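Now for the letters of each chain:
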Amino acid sequence: MDKKFAQRFWAKVDRKANDECWLWKGAVQSSGYGTFWKDGKNRLVHRISYGLSRKCGPAKTKVVRHKCNTRLCVNPSHLLIGTHKDNFNDAVACGKSGAASPTINRDQVIMVRWLATLGWTRQALANACGVSKRCIAGVVRRETWKEVK
Ligand SMILES: [Zn+2]
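Heads up: these notes are all about the structure in this document. Predicted model only: the values in this text are computed from it and were never measured. Residues take numbers from 1 onward in each chain, read along the sequence in its written order. The predicted origin of the model limits local features to residues at a pLDDT of at least 70 and limits the giving and counting of side-chain atom pairs to 80 or more, whereas totals for whole chains, interfaces and linings rest on all residues.

Considering the overall build of the protein chain
Thought 1: Comment: elements are numbered from the N terminus, with helices defined as DSSP H or I runs of at least four residues and strands as E runs of at least two. Within the protein chain, the secondary structure is distributed over 6 helices and 6 strands.
Thought 2: The helix and strand sequence of the protein chain, counted from the amino end, reads α-β-β-β-β-α-β-β-α-α-α-α.
Thought 3: Exposure in this text rests on C-beta crowding, where 20 or more other C-beta atoms within 10 Å of a residue's own make it buried, 12 or fewer make it exposed, and counts in between make it partly exposed. The C-beta atoms are placed from the backbone. Within the span of the protein chain, comprising 149 residues, buried residues form 26% of the whole.

Topic: the packing of helix 5 (residues 122–129) against helix 6 (residues 133–140)
Thought 1: Where helix 5 meets helix 6, the closest approach of the two axes is 8 Å, and the angle between their N-to-C directions is 110°. What the angle tells us is that helix 5 and helix 6 run roughly perpendicular. Judged by residue contacts, Arg-122, Gln-123, Leu-125 and Ala-126 of helix 5 engage Lys-133, Ile-136, Ala-137 and Val-140 from helix 6.
Thought 2: By the convention adopted, Pro, Cys, Tyr, Trp, Phe, Met, Ile, Leu, Val and Ala count as nonpolar, Lys, Arg, Asp and Glu as charged, and the other residues, Gly among them, as polar. Across the contact of helix 5 with helix 6, the residue classes break down as 5 nonpolar, 1 polar and 2 charged. Whenever a helix is involved, its axis is fitted only over the stretch in contact; in every case the axis is a line through C-alpha atoms, and angles between N-to-C directions fall within 0 to 180 degrees. Throughout this description, any angle smaller than 35 degrees is read as roughly parallel, any larger than 145 degrees as roughly antiparallel, any in the 65 to 115 degree range as roughly perpendicular, and the remainder as oblique. Placing C-beta atoms from the backbone, we regard two residues as in contact once those atoms come within 7 Å.

A short note on unusual backbone geometry
Thought 1: Phi angles above zero are rare outside glycine, and Arg-142 is one such case at about 60°.
Thought 2: Among the secondary structure elements, Arg-142 is positioned in the segment after helix 6.
Thought 3: For Trp-145, which is not a glycine, the phi torsion comes out positive at approximately 55°.
Thought 4: For Trp-145, the location among the structural elements is in the segment after helix 6.

As structure tokens, this is what we get:
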């Protein structure tokens, strides 16, 4: 990928410290993923970021996953390569997929956020809801279930 393209791309990213999420400021698909026009096609920005940071793009059959569960994040250190199955498992584990019965529900989300303010640890909340600590972290940080106030 050429340098000019990289410049155009990073100009649309809110770049922060390495451990923080770098949010995409450009166009967003209805699915919640950022897109960027390249070679006559709208491409997913987290895939582009992965390709830019590693000098070669991800294989078409692979998905680029977000460690941070933030769809608009393009921080290369938050992206890892996976399979569609991994991605699906993550979604199911957090109750965001329509295909399986959610393992955490709206009422639990409200409860989890409230208990977190009272000092419950993520591990305790994870045990209480029967979901992963990562799932709880996403809920508490409002990276998932954003529609629940
Ligand atoms: Zn991130």
